[in-house]
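One letter stands for each residue in the lines below.
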Amino acid sequence: MSALILDGKHVAQLTETELSQRVAALKERSGGRTPVLATLLVGDDPASATYVKMKGNACRRIGMESLAIELPGTLRTNDLLREIEQLNGNPDVHGILLQHPVPSQIDERACFDMIALEKDVDGVTCLGFGRMSMGEPAYGCATPQGIMRLLQHYDIELSGMHAVVVGRSPILGKPMAMMMLQANATVTICHSRTQDLRRHIEQADIVVGAVGRPEFIRADWIKDGAVVVDAGYHPGGVGDIELGPLAERARAITPVPGGVGPMTINTLIQQTVLSGEKALG
Ligand code: NAP
(Lines give C-alpha, C1' and ligand atoms only; values in the text may rest on other atoms or scores of the structure.)
Protein backbone atom coordinates (compact mmCIF):
# COMPACT_ATOMS: atom_id res chain seq x y z
CA MET A 1 0.00 0.00 0.00
CA SER A 2 1.34 3.44 -0.92
CA ALA A 3 1.73 5.94 1.89
CA LEU A 4 -0.54 8.97 1.98
CA ILE A 5 1.57 12.02 1.09
CA LEU A 6 1.14 14.83 3.62
CA ASP A 7 1.53 17.63 1.08
CA GLY A 8 2.56 20.75 2.98
CA LYS A 9 2.97 22.80 -0.16
CA HIS A 10 -0.65 22.17 -1.11
CA VAL A 11 -2.01 22.89 2.37
CA ALA A 12 0.05 26.09 2.58
CA GLN A 13 -1.34 27.25 -0.79
CA LEU A 14 -4.91 26.55 0.30
CA THR A 15 -4.31 28.51 3.49
CA GLU A 16 -2.76 31.43 1.61
CA THR A 17 -5.93 31.75 -0.48
CA GLU A 18 -8.01 31.91 2.69
CA LEU A 19 -5.59 34.34 4.38
CA SER A 20 -5.62 36.68 1.34
CA GLN A 21 -9.38 36.95 1.70
CA ARG A 22 -9.15 37.60 5.44
CA VAL A 23 -6.50 40.31 4.96
CA ALA A 24 -8.59 41.98 2.22
CA ALA A 25 -11.67 41.94 4.49
CA LEU A 26 -9.68 43.35 7.40
CA LYS A 27 -8.29 46.09 5.17
CA GLU A 28 -11.80 47.10 4.19
CA ARG A 29 -13.04 47.12 7.79
CA SER A 30 -10.07 49.07 9.17
CA GLY A 31 -9.68 51.85 6.62
CA GLY A 32 -6.81 50.28 4.69
CA ARG A 33 -4.73 48.79 7.49
CA THR A 34 -3.27 45.29 7.25
CA PRO A 35 -1.57 43.02 9.76
CA VAL A 36 2.16 43.79 9.95
CA LEU A 37 4.92 41.28 10.70
CA ALA A 38 8.20 42.81 11.92
CA THR A 39 11.23 40.66 11.10
CA LEU A 40 14.52 41.09 12.94
CA LEU A 41 17.65 39.82 11.23
CA VAL A 42 20.91 40.17 13.16
CA GLY A 43 24.15 39.75 11.20
CA ASP A 44 24.68 38.55 7.64
CA ASP A 45 24.26 34.77 7.74
CA PRO A 46 23.08 33.99 4.17
CA ALA A 47 20.68 31.17 5.20
CA SER A 48 19.00 33.41 7.81
CA ALA A 49 18.76 36.25 5.28
CA THR A 50 17.06 33.89 2.82
CA TYR A 51 14.55 32.69 5.44
CA VAL A 52 13.67 36.28 6.38
CA LYS A 53 13.24 37.19 2.72
CA MET A 54 10.93 34.18 2.22
CA LYS A 55 8.84 35.32 5.20
CA GLY A 56 8.54 38.85 3.76
CA ASN A 57 7.54 37.38 0.38
CA ALA A 58 4.85 35.24 2.01
CA CYS A 59 3.42 38.37 3.68
CA ARG A 60 3.26 40.16 0.32
CA ARG A 61 1.59 37.18 -1.37
CA ILE A 62 -1.39 37.48 0.98
CA GLY A 63 -1.54 41.28 0.80
CA MET A 64 -0.05 41.86 4.23
CA GLU A 65 2.83 44.14 5.11
CA SER A 66 6.15 43.31 6.72
CA LEU A 67 8.69 45.54 8.39
CA ALA A 68 12.19 44.22 7.77
CA ILE A 69 14.76 45.32 10.35
CA GLU A 70 18.39 44.41 9.67
CA LEU A 71 20.90 44.82 12.49
CA PRO A 72 24.71 44.47 12.56
CA GLY A 73 26.30 41.19 13.66
CA THR A 74 28.19 43.04 16.40
CA LEU A 75 24.96 43.99 18.19
CA ARG A 76 24.76 43.37 21.96
CA THR A 77 21.92 41.80 23.90
CA ASN A 78 20.77 45.11 25.42
CA ASP A 79 20.50 46.77 22.01
CA LEU A 80 18.39 43.94 20.68
CA LEU A 81 16.20 43.96 23.79
CA ARG A 82 15.56 47.68 23.20
CA GLU A 83 14.60 47.05 19.54
CA ILE A 84 12.11 44.40 20.63
CA GLU A 85 10.71 46.64 23.33
CA GLN A 86 10.02 49.33 20.74
CA LEU A 87 8.24 46.84 18.48
CA ASN A 88 6.18 45.62 21.47
CA GLY A 89 4.98 49.19 21.97
CA ASN A 90 4.34 49.91 18.28
CA PRO A 91 0.57 49.62 17.63
CA ASP A 92 1.21 49.16 13.88
CA VAL A 93 3.12 45.90 14.48
CA HIS A 94 1.09 42.74 15.13
CA GLY A 95 3.75 40.06 15.03
CA ILE A 96 7.48 39.93 15.79
CA LEU A 97 9.87 37.40 14.31
CA LEU A 98 13.43 37.23 15.62
CA GLN A 99 15.33 35.08 13.14
CA HIS A 100 17.13 32.18 14.84
CA PRO A 101 20.05 31.80 15.37
CA VAL A 102 21.40 35.17 16.53
CA PRO A 103 25.19 35.77 16.84
CA SER A 104 26.74 33.99 19.82
CA GLN A 105 27.40 37.13 21.93
CA ILE A 106 23.64 37.71 22.16
CA ASP A 107 21.47 36.03 24.80
CA GLU A 108 18.89 34.60 22.41
CA ARG A 109 16.60 33.29 25.14
CA ALA A 110 16.41 36.70 26.85
CA CYS A 111 15.58 38.32 23.51
CA PHE A 112 12.92 35.75 22.59
CA ASP A 113 11.35 36.24 26.01
CA MET A 114 11.21 40.02 25.55
CA ILE A 115 8.63 39.54 22.77
CA ALA A 116 5.15 40.41 24.05
CA LEU A 117 2.90 37.34 24.26
CA GLU A 118 0.26 38.85 21.94
CA LYS A 119 2.94 39.50 19.27
CA ASP A 120 4.76 36.15 19.69
CA VAL A 121 3.42 34.80 16.39
CA ASP A 122 6.47 32.53 15.95
CA GLY A 123 5.74 30.91 19.32
CA VAL A 124 9.23 31.24 20.81
CA THR A 125 8.68 32.68 24.29
CA CYS A 126 8.84 30.61 27.49
CA LEU A 127 5.49 32.12 28.45
CA GLY A 128 3.86 31.03 25.19
CA PHE A 129 5.41 27.54 25.52
CA GLY A 130 4.18 27.22 29.10
CA ARG A 131 0.68 28.37 28.23
CA MET A 132 0.47 26.04 25.23
CA SER A 133 1.70 23.14 27.39
CA MET A 134 -1.04 23.90 29.92
CA GLY A 135 -3.69 24.04 27.22
CA GLU A 136 -4.09 27.82 27.55
CA PRO A 137 -4.34 30.11 24.50
CA ALA A 138 -0.97 31.01 22.93
CA TYR A 139 0.47 31.02 19.42
CA GLY A 140 2.20 27.71 18.77
CA CYS A 141 5.84 27.50 17.80
CA ALA A 142 5.72 27.75 13.99
CA THR A 143 7.30 24.47 12.84
CA PRO A 144 5.58 22.07 15.27
CA GLN A 145 2.31 24.01 14.95
CA GLY A 146 2.65 23.67 11.18
CA ILE A 147 3.11 19.90 11.62
CA MET A 148 -0.04 19.73 13.80
CA ARG A 149 -2.00 21.65 11.16
CA LEU A 150 -0.74 19.29 8.44
CA LEU A 151 -1.81 16.22 10.45
CA GLN A 152 -5.23 17.79 11.14
CA HIS A 153 -5.72 18.61 7.45
CA TYR A 154 -5.26 14.92 6.59
CA ASP A 155 -7.47 13.76 9.51
CA ILE A 156 -4.66 12.00 11.33
CA GLU A 157 -6.05 11.54 14.82
CA LEU A 158 -3.29 11.47 17.44
CA SER A 159 -5.40 10.44 20.42
CA GLY A 160 -4.09 7.15 21.83
CA MET A 161 -1.16 6.97 19.40
CA HIS A 162 2.37 6.43 20.62
CA ALA A 163 4.37 9.38 19.28
CA VAL A 164 8.16 9.27 19.30
CA VAL A 165 9.78 12.68 18.80
CA VAL A 166 13.49 12.54 18.03
CA GLY A 167 15.02 15.89 19.07
CA ARG A 168 14.30 18.22 21.98
CA SER A 169 15.23 21.69 20.75
CA PRO A 170 13.26 24.66 22.11
CA ILE A 171 11.89 25.53 18.64
CA LEU A 172 11.00 22.04 17.49
CA GLY A 173 11.29 18.86 19.52
CA LYS A 174 10.05 20.15 22.90
CA PRO A 175 7.01 22.10 21.67
CA MET A 176 6.22 19.25 19.24
CA ALA A 177 6.12 16.77 22.11
CA MET A 178 3.88 19.03 24.20
CA MET A 179 1.47 19.64 21.31
CA MET A 180 1.16 15.91 20.70
CA LEU A 181 0.59 15.34 24.41
CA GLN A 182 -2.16 18.00 24.32
CA ALA A 183 -3.69 16.02 21.45
CA ASN A 184 -3.77 12.94 23.74
CA ALA A 185 -0.87 11.01 22.21
CA THR A 186 1.45 9.05 24.49
CA VAL A 187 4.77 10.76 23.87
CA THR A 188 8.38 9.62 24.04
CA ILE A 189 11.07 12.26 23.55
CA CYS A 190 14.48 11.04 22.35
CA HIS A 191 17.73 13.02 22.20
CA SER A 192 21.49 12.58 21.89
CA ARG A 193 21.79 10.76 25.26
CA THR A 194 18.94 8.33 24.53
CA GLN A 195 20.07 4.71 24.81
CA ASP A 196 19.02 2.32 22.04
CA LEU A 197 17.18 4.85 19.90
CA ARG A 198 16.10 2.15 17.45
CA ARG A 199 14.16 0.28 20.15
CA HIS A 200 12.14 3.44 20.92
CA ILE A 201 11.45 4.24 17.29
CA GLU A 202 10.27 0.68 16.61
CA GLN A 203 7.41 1.32 19.08
CA ALA A 204 6.18 4.46 17.32
CA ASP A 205 2.75 4.82 15.70
CA ILE A 206 3.97 8.25 14.65
CA VAL A 207 7.59 9.32 14.48
CA VAL A 208 8.88 12.89 14.16
CA GLY A 209 12.46 13.35 12.95
CA ALA A 210 13.95 16.63 14.24
CA VAL A 211 17.60 15.67 14.60
CA GLY A 212 19.45 17.79 12.04
CA ARG A 213 21.40 14.90 10.50
CA PRO A 214 20.72 13.63 6.96
CA GLU A 215 18.72 10.36 6.91
CA PHE A 216 19.88 9.60 10.44
CA ILE A 217 16.67 7.70 11.28
CA ARG A 218 16.70 4.54 9.16
CA ALA A 219 13.61 3.25 7.38
CA ASP A 220 13.94 -0.26 8.86
CA TRP A 221 13.62 1.16 12.42
CA ILE A 222 10.06 2.26 11.61
CA LYS A 223 7.17 -0.19 11.77
CA ASP A 224 4.72 -0.82 8.91
CA GLY A 225 1.72 1.51 8.96
CA ALA A 226 3.38 4.27 11.01
CA VAL A 227 2.91 7.97 10.29
CA VAL A 228 6.29 9.52 9.42
CA VAL A 229 6.98 13.24 9.86
CA ASP A 230 10.36 14.54 8.72
CA ALA A 231 11.24 18.09 9.81
CA GLY A 232 14.76 17.98 8.39
CA TYR A 233 16.05 19.41 5.15
CA HIS A 234 19.58 18.89 3.88
CA PRO A 235 21.50 19.48 0.64
CA GLY A 236 20.50 16.86 -1.90
CA GLY A 237 16.85 17.12 -0.90
CA VAL A 238 16.92 14.61 1.96
CA GLY A 239 15.54 14.98 5.46
CA ASP A 240 16.39 13.49 8.86
CA ILE A 241 14.63 10.20 8.00
CA GLU A 242 15.41 7.68 5.25
CA LEU A 243 12.06 8.15 3.51
CA GLY A 244 12.56 6.20 0.25
CA PRO A 245 11.64 2.67 1.42
CA LEU A 246 8.78 4.03 3.58
CA ALA A 247 6.76 5.22 0.57
CA GLU A 248 5.33 1.68 0.31
CA ARG A 249 5.21 0.76 4.00
CA ALA A 250 4.12 3.80 6.00
CA ARG A 251 0.53 4.95 6.53
CA ALA A 252 1.55 8.53 5.71
CA ILE A 253 4.75 10.48 5.10
CA THR A 254 5.77 14.13 4.77
CA PRO A 255 7.82 14.53 1.58
CA VAL A 256 11.15 16.35 1.63
CA PRO A 257 10.98 18.99 0.28
CA GLY A 258 7.34 20.09 0.29
CA GLY A 259 6.14 18.57 3.57
CA VAL A 260 6.96 20.31 6.83
CA GLY A 261 8.99 23.19 5.31
CA PRO A 262 6.14 25.15 3.65
CA MET A 263 3.97 24.78 6.76
CA THR A 264 6.41 26.72 8.96
CA ILE A 265 6.21 30.07 7.16
CA ASN A 266 2.53 29.46 6.50
CA THR A 267 1.87 29.09 10.22
CA LEU A 268 3.85 32.23 10.99
CA ILE A 269 1.75 34.33 8.60
CA GLN A 270 -1.50 32.65 9.68
CA GLN A 271 -0.77 33.54 13.30
CA THR A 272 0.17 37.12 12.31
CA VAL A 273 -3.14 37.53 10.50
CA LEU A 274 -4.95 36.29 13.60
CA SER A 275 -3.02 38.75 15.76
CA GLY A 276 -3.83 41.56 13.31
CA GLU A 277 -7.51 40.63 13.38
CA LYS A 278 -7.52 40.76 17.18
CA ALA A 279 -5.82 44.18 17.23
CA LEU A 280 -7.66 45.83 14.32
CA GLY A 281 -11.09 44.34 15.00
P1 NAP B 1 18.90 21.24 16.93
O2 NAP B 1 18.62 22.43 17.73
O3 NAP B 1 20.29 20.99 16.42
O4 NAP B 1 18.42 19.97 17.76
C5 NAP B 1 18.70 18.67 17.34
C6 NAP B 1 18.16 17.69 18.32
O7 NAP B 1 18.52 16.38 17.88
C8 NAP B 1 18.74 17.87 19.74
O9 NAP B 1 17.71 17.81 20.68
C10 NAP B 1 19.71 16.72 19.88
O11 NAP B 1 19.80 16.19 21.18
C12 NAP B 1 19.08 15.68 18.97
N13 NAP B 1 20.10 14.73 18.51
C14 NAP B 1 21.31 15.03 18.00
N15 NAP B 1 21.99 13.88 17.76
C16 NAP B 1 21.20 12.86 18.14
C17 NAP B 1 21.34 11.45 18.17
N18 NAP B 1 22.46 10.87 17.77
N19 NAP B 1 20.30 10.72 18.62
C20 NAP B 1 19.17 11.29 19.05
N21 NAP B 1 18.98 12.63 19.06
C22 NAP B 1 19.99 13.40 18.61
O23 NAP B 1 17.97 21.22 15.63
P24 NAP B 1 16.49 21.81 15.39
O25 NAP B 1 16.59 23.27 15.22
O26 NAP B 1 15.54 21.23 16.34
O27 NAP B 1 16.22 21.19 13.94
C28 NAP B 1 16.08 19.80 13.74
C29 NAP B 1 15.86 19.53 12.24
O30 NAP B 1 14.72 20.21 11.80
C31 NAP B 1 17.00 20.03 11.36
O32 NAP B 1 17.15 19.13 10.28
C33 NAP B 1 16.51 21.37 10.86
O34 NAP B 1 17.06 21.71 9.61
C35 NAP B 1 15.04 21.11 10.75
N36 NAP B 1 14.21 22.31 10.89
C37 NAP B 1 13.29 22.56 9.93
C38 NAP B 1 12.48 23.66 10.02
C39 NAP B 1 11.48 23.92 8.95
O40 NAP B 1 10.91 24.97 8.86
N41 NAP B 1 11.22 22.93 8.11
C42 NAP B 1 12.57 24.54 11.11
C43 NAP B 1 13.49 24.26 12.11
C44 NAP B 1 14.31 23.14 11.99
P45 NAP B 1 20.44 17.02 22.43
O46 NAP B 1 19.36 17.96 22.87
O47 NAP B 1 20.75 15.97 23.43
O48 NAP B 1 21.66 17.72 21.88
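None of the values given here were measured: they were computed from a predicted structure.

Structural notes on the overall build of the chain
Point 1. What the chain contains, in helices and strands, is nine helices and nine strands.
Point 2. Relative to the compact-globule value of 19 Å for 281 residues, the chain shows a C-alpha radius of gyration of 19 Å, a close match.
Point 3. Dimensions along the principal axes, computed over C-alpha positions, put the chain at roughly 55 × 40 × 40 Å.
Point 4. For the chain, the residues scored as buried account for 51% of the 281 residues in total.
Point 5. The contacts in the chain between residues at least 6 apart in sequence include a share of 71% that link residues at least 24 apart.
Point 6. Averaging the positions of the 26 positive and the 32 negative side-chain charges in the chain gives two centres separated by 1 Å.

Side note on the site of the ligand
Point 1. Close to the ligand lie 21 residues; Arg-168, Ser-169, His-191, Ser-192 and Thr-264 are nearest.
Point 2. Taking His-191, its main chain carries an N or O atom lying 3.4 Å from a nitrogen atom of the ligand.
Point 3. One of the backbone nitrogen or oxygen atoms of Ala-231 is found 3.5 Å away from an oxygen atom of the ligand.
Point 4. The protein chains hide 69% of the 920 Å² of surface that the ligand would expose on its own.
Point 5. With three residues, the single largest contributor to the shell around the ligand is helix H9 (residues 260-280).
Point 6. Considered class by class, the residues forming the shell around the ligand number eight nonpolar, 10 polar and three charged.

Some remarks on the sheet that holds strand S4 (residues 95-98)
Backbone hydrogen bonds are what pair the strands of a sheet, in a parallel or an antiparallel way.
Point 1. Read from one edge to the other, the open sheet built from three strands follows the order S3-S2-S4, with strand pairing classed as parallel. Every interior strand has two partners, whereas the edge strands, strand S3 (65-71) and S4, have only one. Along the sheet, successive strands turn relative to each other by an average axial angle of 15°, direction set aside.
Point 2. Sheet topology places strand S2 (residues 36-42) next to S4; four bridges connect them, and they run parallel. Paired with Ala-38 across the two strands is Ile-96, which belongs to S4.
Point 3. Against the sheet, helix H2 (residues 46-61) makes contact with S2, S3 and S4, and its axis sits at roughly 170° relative to S2, the strand it touches most.
Point 4. Set on the sheet, helix H3 (residues 77-89) makes contact with S2, S3 and S4; between it and S2 the angle comes to about 175°.

Structural notes on the domain arrangement of the chain
Point 1. Domain assignment breaks the chain into domain 1 (31-122) and domain 2 (142-260).
Point 2. One C-alpha centre belongs to domain 1, the other to domain 2; they are set 28 Å apart.

Reading guide: rules and limits
Residues numbered from 1 in each chain as written. Predicted model: local features only at pLDDT ≥ 70, side-chain atom pairs only at ≥ 80, totals over all residues. Heavy atoms only, no water. Helix = DSSP H or I, 4+ residues; strand = E, 2+ residues; numbered from the N terminus. Rg over C-alpha atoms; globule rule 2.2 N^0.38 Å. Buried < 20%, exposed > 50% of the residue type's maximum accessible area, 1.4 Å probe, protein only. Contact = heavy atoms within 4.5 Å. Lys, Arg positive; Asp, Glu negative; His and termini not counted. Charge placed at Lys NZ, Arg CZ, Asp CG, Glu CD. Near = heavy atom within 4 Å. Polar contact = N/O pair within 3.5 Å; in protein donor to acceptor, adjacent residues only side chain to side chain. Areas by Shrake-Rupley, 256 points an atom, 1.4 Å probe, with all protein chains shown as cover. Nonpolar A, V, L, I, M, F, W, Y, C, P; charged D, E, K, R; others polar. Pairing = 2+ DSSP bridges. Axes fitted to C-alpha atoms, helices over the stretch in contact; angles between N-to-C directions. Domains from an automatic or database assignment.

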